[in-house]
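Results of the structural survey
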Amino acid sequence: MPPSLAAFFNCSTYLTRKSRQYPKLPLSWSHGHFRTGKSLLSSIFPDTRNGEVTVLPLVLATLGTYFTHAEVLLSTNSYLSVADKARLKNILEPGFQLQDVPTVYYAVSGYKFLGEAIPKTDAICKYLIKSNEENITSETAFYLASTWKAIADCQEFSTGTLTKVLTNTIQKDTSTLSDLYYAVSGLTALSQKVPTARVDKLVKQIQAALRKDDGLWNLGYTFHIAADIGTPATFAFDRIEDAVVQADEVDGQYLQFEGGLSITSFLVNGIHKLSTSLNKKPPLNFQQTVKFSNYILSRRSVQTSKGVTNLLSALTTLAVDSAEKPVCITLADGGNSISNLQPLVTVKVCDILDQALPTVPKVVANSATKVGDDVVILSKENLQQHPNDKTLFTMNLMSVKPDRGFYKISITAASVTNLVTVKVLSETILDYLEIGTGDADQTTQPKLTRINTESLSGKLEHKIEADSQQKLVMRFLLRDSANKKPMRVHQAFVRLTSVAESTDNKQSGHEIFFVAEPDTAHVYKFDMPVGTAAMNFGHQSGDYDIELIVGDAVISNPFRFNIGTVTLKFPEVTSMEGTDKNTPYKQRPNVYTTKPEIKHMFREPERRPPAFVSNLFTGLCSSPVVLLLILWARLGINISNFPLSPSAIAFHLGLGGIFVLFGIFWLKLNMFVTLKCLIALGVVTFLAGNKMLFHIAHRNTLQR
């Protein structure tokens, strides 16, 4: 079954099993082609009547996608190289310092997966015996039992304590799935089984836990426990699809579970472990296996011993226990550049652990297509096996005389196909180079001198001088050495460097780069008006070495050609140019000197009137008060009716306080502070005044 269609049916099976509306979908396959029309729909969807399909739109859309997108990823992108294994081994080494039980377990397990001899077995044995004497949990007991089994040379270690701890965990009804995983796996490491009387109850306990929480971790615990229990836990196999459909696909190349490497490795190991235990094929198609492998290989830069063990365990499972083992087809190290000096395309075909395949496959280059114009330069070319390495296969790509550029080659090996990209390099030739000067206003043709470019050592026999009324002109042509055609390159720079003859530090070492642009005939031109470019050179006249720099991703001989020395005479700096804001920042003088301190400038206060005017205005404002006092003196003040009650006193004090507050506000207070004080005084004055008026009215009523 094609992997993409298998993936479709896995997804549809999960959806229909969840909805309980449609039966599992059978597949009809005949002579490599699908039956079409009503017969195809009837064979896939038994509920179809009269050619009418009553299925979920998502299922139909997915089926349509399969027919239009048949290309699938069949090969992994990389493999675990020797350098990767050496780096992972270095990460595991600190675990043998015997400072932590889990770290020792990860170090020992990692070494086992790498096929390395475990060092310090005697010291590890003593450390396990010492750790076994302490109060341990089921998790620690699992680490101790697994480490003891891995070193296989620790007769003095007593397993009785571990067995008791692990069995007690299984006997508890309150144990979580993680506790049960450590307990059952620990007993398996000790070559013991779960008590027969407890198996049925343990299965029911697992099912009850999944009904409460069937997250990825709980599903992973279930797969591992079920693999150790065996047939009584067959129900767990049906839950594998529930886990697989929760995997996230990235860029069409990677398949992972949310949570990263730890959960992905744990589930991949559990799925294959359970499938092997029940002697069933894992419900993973080949494409899913490849994408899981790609993701796990992409995480080979892990930095912890736990991550290394998770990585190695999952890769080992996929490479050894998978029904359809992933194959890696990629370019050998440093084999992506092809030229006449190195004409061979070297392809590496191996498993994800860098091991040769069991049988030597036939490796064929189906096609080689140039990137950009889709020109096919070869098809069905057999690759030859390297005499000293069974994983390497070579092909002479330069035999078809390809043009320079990037090519995608479709490689098939062991019924697996992958695309590899190589770049074909060519050698560039500097056909000719002319340099000279011309008038800046282009009134006359420039006078150019041709330089000998045969050995890239030619040089001007005399200096070229150019002043501010002239321009420096250069023309050159590049050719492809293979076909002698003019060519363009990604980088063509003209570099001018001041000659270090002056003691003036400003001139010594000054350099600037210009870009040479090609015309329609692929002739590169460089025109630099001396007067206009003066600002770029800081108006520093003198001798400058001129050099041509050529480079490209698909040429094998990037070069630097020293043309010679030119004398440039720039105009003097004018006052406007010295203050021109368009002058490049790095060319402005005194850029890094200390600048004046920036201080905040407040607005200048308004001009005040003369003192006589201010005093006169104050007197006029105070005149009503003076007039009041005069009138009181002439009329007389009757204070006999003033009530000597607390409310009256408070009212008059509050009223006076309000007038005083207004005076202070006029002198120095702001509005917000004044309003706060006014509210307090106003409330007191209002209440006291109301009380005072009430007493006065009541007294007048009694007098009547």
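Quick caveat, the model's predicted, so the values are computed rather than measured. (Residues numbered from 1 in each chain as written. Predicted model: local features only at pLDDT ≥ 70, side-chain atom pairs only at ≥ 80, totals over all residues. Heavy atoms only, no water.)

Some thoughts on the overall build of the protein
We count it as follows: Comment: elements are numbered from the N terminus, with helices defined as DSSP H or I runs of at least four residues and strands as E runs of at least two. Exposed residues in this analysis have more than 50% of their type's maximum accessible area, buried residues have under 20%, and partly exposed residues fall in between, with area computed by a 1.4 Å probe over protein chains only. Contacts were defined at the residue level, with two residues in contact if any of their heavy atoms lie within 4.5 Å.
Broken down by element type, the protein carries 19 helices and 21 strands. Split into buried and exposed, the 704 residues of the protein put 43% on the buried side. For the protein, long-range pairs separated by at least 24 residues make up 68% of all intrachain contacts whose partners lie at least 6 apart in sequence.

Topic: the environment of S399
Which entries qualify depends on this criterion: N or O atoms within 3.5 Å of each other form a polar contact, as long as, within protein, one can give a hydrogen and the other can take it, and as long as residues adjacent in sequence are counted only when both atoms are side-chain atoms.
Position of S399 relative to the elements: it lies in the loop between strand 9 (392-396) and strand 10 (405-413). Measuring from C-alpha to C-alpha, the distance between S399 and L344 comes to 9.4 Å, with 55 residues separating the pair along the chain. A distance of 2.8 Å separates a polar side-chain atom of S399 from the backbone oxygen of N396.

Thoughts on the layout of surface pockets
The rolling of a water-molecule-sized probe over the atoms marks out the regions of remaining empty space. The line we're drawing: A cavity, in this analysis, means grid points on a 1 Å lattice covering only the protein atoms where a 1.4 Å probe fits yet has no way out; a pocket is instead an open set bounded by protein on both sides within 12 Å along at least five of seven lines, and a residue lines either one if it has an atom within 4 Å of a point. Grid points are joined across faces, edges and corners, and a volume is the space filled by probe spheres set on the points. Nonpolar residues are Ala, Val, Leu, Ile, Met, Phe, Trp, Tyr, Cys and Pro. Charged residues are Asp, Glu, Lys and Arg, and all others, Gly as well, are polar.
Roughly 1,200 Å³ of internal volume is contained in the largest pocket. Lining of the largest pocket is provided by 34 residues; of these, Y105, F113, F142, Y181 and K273 occupy positions nearest its centre. When residues of the lining of the largest pocket are traced back to their parent elements, those giving at least two are helix 5 (101-114), helix 7 (138-151), helix 9 (177-189), helix 11 (216-229), helix 13 (261-277) and helix 15 (305-321). Looking at the lining of the largest pocket element by element, the count peaks at eight residues for helix 15. Tallied by class, the residues present in the lining of the largest pocket amount to 13 nonpolar, 14 polar and seven charged.

Details of the nonpolar core
Grouped burial of nonpolar side chains is what soluble globular proteins tend to show. Stated precisely, the cut-off is as follows: Nine residue types can take part in a nonpolar core, namely buried Ala, Val, Leu, Ile, Met, Phe, Trp, Tyr and Cys, and a core is a set of them joined through side-chain atoms within 4.5 Å.
Ranked by size, the top nonpolar core spans 88 residues in total, and within it I124, F223 and L274 carry the most contacts. Once residues within four sequence positions are removed from consideration, I124 is found in contact with F96, L98, V104, V108, I118, P119, T147 and I151. Counting residues in hydrophobic clusters, the runner-up holds 37 residues, among them L430, M474, L478 and F514.

Overview of the packing of helix 4 (residues 82-92) against helix 15
To keep things clear, this is the line we draw: Note on method: axes are straight lines fitted to C-alpha atoms, helices fitted across the in-contact stretch only, with angles between N-to-C directions ranging 0 to 180 degrees. Should an angle fall under 35 degrees it is called roughly parallel, over 145 degrees roughly antiparallel, and 65 to 115 degrees roughly perpendicular, with every other angle called oblique. Left-handed describes a crossing whose near helix is turned anticlockwise from the far helix through less than a right angle; right-handed describes the clockwise counterpart.
The N-to-C vectors of helix 4 and helix 15 enclose an angle of 135 degrees; their axes lie 9 Å apart at closest approach. Overall, the two elements helix 4 and helix 15 adopt an arrangement that is oblique. The hand of the helix 4/helix 15 crossing is left-handed. Mapping the contact onto sequence places L88, I91 and L92 in helix 4 and S305, V308, T309, L311 and L312 in helix 15. For the contact of helix 4 with helix 15, the residue count by class is six nonpolar, two polar and no charged.

Observations regarding helix 14 (residues 286-298)
Owing to its 3.6 residues per turn, the α-helix brings residues three or four apart onto one side. What counts here: Here, expected helix span is obtained from the residue count minus one, scaled by 1.5 Å.
Taking 1.5 Å per residue, 13 residues should reach 18 Å; helix 14 reaches 18 Å between its end C-alpha atoms and fits that length. When you tally the buried positions in helix 14, you get 12 out of 13 residues, the bulk of the element. Looking at where helix 14 begins, the residue whose side-chain oxygen comes 3.1 Å from the main-chain nitrogen of Q287 is N285.

A look at the pairing of strand 9
Which entries qualify depends on this criterion: A pair of strands counts as paired when DSSP detects no fewer than two bridges linking them.
Among the five residues of strand 9, four are classified as buried, and the element is accordingly described as predominantly covered. Both strand 5 (residues 344-351) and strand 9 contribute to a ladder of five bridges, which runs antiparallel. Within strand 9, the position partnered with V345 by the bridge is M395. Pairing of strand 8 (residues 384-385) with strand 9, which is carried by two bridges, proceeds in the antiparallel orientation. Following the sheet pairing, Q384 is matched in strand 9 by T394. Between the antiparallel neighbours strand 8 and strand 9 lie six residues.

As for the UniProt feature "transmembrane region" (unreviewed entry) in the protein
For clarity, the threshold we go by: UniProt positions are given in the numbering used here, feature names are shortened, and annotations may be inferred rather than shown by experiment.
The UniProt record marks residues 616-637, 649-667 and 673-694 with the feature "transmembrane region" (unreviewed entry), using the residue numbering of this structure. As annotated, residues 649-667 comprises 100% helix and 0% strand, and the C-alpha atoms at either end are separated by 27 Å. Along residues 673-694, the helical share is 100% and the strand share 0%, with 32 Å between the first and last C-alpha atoms.

Some remarks on the state of the cysteines
Worth spelling out the cut-off: Defined by distance alone, a disulfide is two cysteine sulfur atoms within 2.5 Å.
Following the criterion strictly, the structure yields one disulfide and no others. Between the sulfur atoms of C125 and its disulfide mate C154 the distance is 1.9 Å. With the S-S bond torsion at 75 degrees, the cross-link from C125 to C154 turns out right-handed. You can see C125 sitting in helix 6 (residues 121-132) and its partner C154 sitting in the loop between helix 7 and helix 8 (160-171), a full 29 residues away along the chain.

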